[in-house]
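# Structural overview for review
One letter stands for each residue in the lines below.
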Amino acid sequence: MKDVRAVLFDMDGTLVDSEGAVARSWKVWADRNDVDYAELLRICPGLPAAAVIRHFRPQWTEERIAADSRGQLELEYADLAGVLPARGTPEVLAVVAELGLPWAVVTSADRKLAGIRLGAAEIDASVVVTRDDVTRGKPHPDGFLLAARLLGVEPAHCLAVEDAVAGVESGRAAGMRVAGLRGVPSDVPVEHLGELADLLRGVLAR
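In this report, the structure presented in the accompanying data block is examined. (Residues numbered from 1 in each chain as written. Predicted model: local features only at pLDDT ≥ 70, side-chain atom pairs only at ≥ 80, totals over all residues. Heavy atoms only, no water.)

The six strands are arranged 5-4-1-6-7-8 in an open sheet whose pairing can be described as parallel. What marks the edges here is a single partner per strand, and that holds for strand 5 (128–129) and strand 8 (188–190). Of the strand pairs in this sheet, strand 1 (residues 6–9) and strand 6 (residues 158–162) are connected by four bridges, and their pairing is parallel. Counted as the bridge partner of Val7 is Leu159 from strand 6. (Pairing = 2+ DSSP bridges. Helix = DSSP H or I, 4+ residues; strand = E, 2+ residues; numbered from the N terminus.)

Next up, the structure:
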């Protein structure tokens, strides 16, 4: 951890508590398409909507998948109920600023949804990499690699912070150490961002 020079945060479930909005939008799609909702919620964290839909409906054309993905986004754009900073977000961002570490958001959301949710949570990020900015979304490394390049920090010196298996795989594929929230297998397991804030201060402020 002593060699960490930048921190790259996932958005949904990491910096932003949007669980209710995400769950409500997917409940609509699951009901419409006779998909097991519990299984869908197990699969969807960290993945772009198209990847989730393709998982459950591999026989669909890419045009149908794209259309349903757009429908999911429209539902999520309009639903900000309960969208707030996640536990420990203010603390970890304060510590990152205190330590002078550059940071970014790397999300599977598109740019519009990222702007809406970060705005609702009152998080001002100067670097935000979205699904619109890369050819391949998580679990591929493209988003994290682009964020590291924009910050001017080598991937090996970046700490990715994630709450989903797909995100952890993405960060590791980028050659980064990964902090995982709430029991997600990772290099640096933490329960919440406040715990990560204490860890960063304890290691890097010496």
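Throughout the structure, instances matching the rule amount to three aromatic pairs. Where Trp26 meets Trp29, the ring centres are 5.7 Å apart and the plane angle is 85°; that geometry is what we call edge-to-face. Of this pair, Trp26 and Trp29 are both found in helix 1 (residues 19–33), three residues apart, which corresponds to roughly one turn of the helix. For Trp26, a relative accessible area of 4% puts it in the buried group. (Phe/Tyr/Trp six-rings, centres within 6.5 Å; stacked < 30°, edge-to-face > 60°. Buried < 20%, exposed > 50% of the residue type's maximum accessible area, 1.4 Å probe, protein only.)

For the rest of this paragraph, the subject is the pattern of salt bridges. Here the structure, examined in full by the defined rule, presents 16 salt bridges. For Lys138, the salt bridge goes to Asp10, with nearest N and O atoms at 3.0 Å. You can see Lys138 sitting in the loop between strand 5 and helix 7 (142–151) and its partner Asp10 sitting in the loop between strand 1 and strand 2 (16–17), a full 128 residues away along the chain. Both residues of the pair, Lys138 and Asp10, belong to the buried class. Close ionic contact of Glu76 with Arg117 constitutes a salt bridge, the shortest N to O distance being 2.6 Å. One end of the pair, Glu76, is in helix 4 (residues 62–78); the other, Arg117, is in helix 6 (residues 111–120), with 41 residues separating them in the sequence. What makes Arg117 buried here is its relative accessible area of 0%. Within this structure, Asp10, Lys138 and Glu162 form a network of salt bridges that share partners. (Salt bridge = Lys/Arg side-chain N within 4 Å of Asp/Glu carboxyl O.)

No statement about biological role is implied by the geometric values presented.
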